[in-house]
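Below are the chains, spelled out letter by letter.
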Amino acid sequence: MARTPNIIQIVVDDMGVGDLSRENGGASSTPRLDAFAEEGVQLSQHYSGSPVCAPARAALLTGRYPHRTGVIDTTEARGLDRLAVGETTLADDLRAGGYATGLVGKWHNGAFDPAYHPTARGFDEFVGFQGGWRDYWEWTLDRGGTTMRADGRHLTDVFTDEALQFVRRHREEPFYLHLAYNAPHYPLQAPERLIERFVAPGRTRAVATIYAMIAMVDEGVERLLGELDRLGLTEDTIVMFTSDNGPEANGTGEASTHRFNLGMRGSKTHVFEGGIRVPLMVRWPAGLPGGERADLVHFIDWRPTLAAVAGVPHVGALPVDGRDVSGVLRGESTDTEARFWQWTRYRPESESNCAMREADWKIVWPAWPGSLDVTAEDARRDVEIKTRPPAALDTTPPPNVPRPDEVTPMLFDLSTDPNETTDLASSHAGRVQAMTDAMHTWFDDVERSRHAAATV
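It should be emphasised that the depicted structure is a prediction, and the values quoted were computed from it without experimental measurement.

Draft legend 1. Representation of the sheet that holds strand β12 (residues 354–358). If you walk across this open sheet you meet the 4 strands as β11-β12-β13-β14, and the pairing is antiparallel. Only two strands of the sheet have a single partner each, and these edge strands are β11 (339–342) and β14 (410–413). The sheet shows a mean angle of 15 degrees between the axes of neighbouring strands, taken without regard to direction. Two strands pair when backbone bridges link them, and strand β13 (residues 361–365) and β14 are joined in this way by 4 bridges, in the antiparallel orientation. Each bridged residue has a counterpart across the sheet, and for Val364 the counterpart in β14 is Met410.

Draft legend 2. Main features of unusual backbone geometry. With an omega of 0 degrees, the peptide bond running from Ala183 to Pro184 counts as cis. Tracing the chain through its elements places Pro184 in the loop between β7 (175–180) and α7 (192–198). Note the cis peptide between Tyr186 and Pro187, where omega equals -5 degrees. Of note, Pro187 is situated in the loop between β7 and α7. For Leu262, which is not a glycine, the phi torsion comes out positive at approximately 60 degrees. By the secondary structure assignment, Leu262 is in the loop between β8 (237–243) and α9 (273–276). Backbone geometry at Asn353 places phi at a positive 50 degrees, although glycine is not the residue there.

What counts as what
Residues numbered from 1 in each chain as written. Predicted model: local features only at pLDDT ≥ 70, side-chain atom pairs only at ≥ 80, totals over all residues. Heavy atoms only, no water. Pairing = 2+ DSSP bridges. Helix = DSSP H or I, 4+ residues; strand = E, 2+ residues; numbered from the N terminus. Axes fitted to C-alpha atoms, helices over the stretch in contact; angles between N-to-C directions.

Here you go:
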């Protein structure tokens, strides 16, 4: 019988399934992650909770759809990334169950106000930054309430070093480490020698830099897994690797970040597969047989699953939306419950950039024009607050984007069309109507929760 397992969640930022070298024919270089996938369980249909960062992270930590939690956007200057104070997290569960809990890296579930700090949300320790991004060379970090300043190291290496120290400190007790690398998120920065390694004909400078940043993450994972081996913790440690959402794909010329992602439609910010289907590998030698699983697993499923495996009770009165999928991980059962996604800038819109998956069927309402756009003023403020935090936040969002006269959904059968190339809505009117009704019911329910959370 395995002892209480340690848990390490590694979450990278804006990395797609196609960024693994095992998937892209060696365009990138991720030898340790490729080997890690072979050592444990791989999920080929694993989904984030949102096509953008802050809501996705809220779903992962709470086990609840992000609308319910109050985290509906990434705009920290508006406070729309704040995890409502009435919410609890996996860290709360594990800490109450006797685990040492720590977060290293990016938080982005409340950039300002001590009430939204990670140490108020279940984490005993925090080393990182609370907002959405940081410069990789000229950084400042919060380290246990003191300011840690740039010292010549790339931020990815800093987070790896801090993760190693956390594991060493807590090796004699059950621990939960949430290691949130911000690579390969903007700004695209890596050592020049490493970027040059990925320069190739037909590949932009931006993509070469992204691959260099991912290579640094791969090296960090290798160091962390090696430390578990050295300390004799490998057998009894659950290590999970995923990304918060799909890859960013924009820009032109040498600034273009468009790259291979298995041919999936869409990218970050969109609820097509390319924006929400993300890599997942999990290894637990003492408790999980390896292999690939084709079952659908969603970010909201991880809190109840990991809490159940750790044998700790749910903390807080709010119910989770996710399900314990440990049976799926062991290859014993199939989870076919419907799953949902929706994201628009500033406020949720029920028929813009939303999707529902039920078995192999997926219905998508494409984003309305302008509904994903941030204002120029908020884009400017997002840069300024990195060095000059505001005394108070203006939480009033800009006016609504006008709804188009006609909004129609698209329907896909992912069993035969995983890249969402053929819209079947016109030939399956009954299914479209049933899924539309279910989507509206879900949306109304999570919106009621969001408004209730705002009053807490």
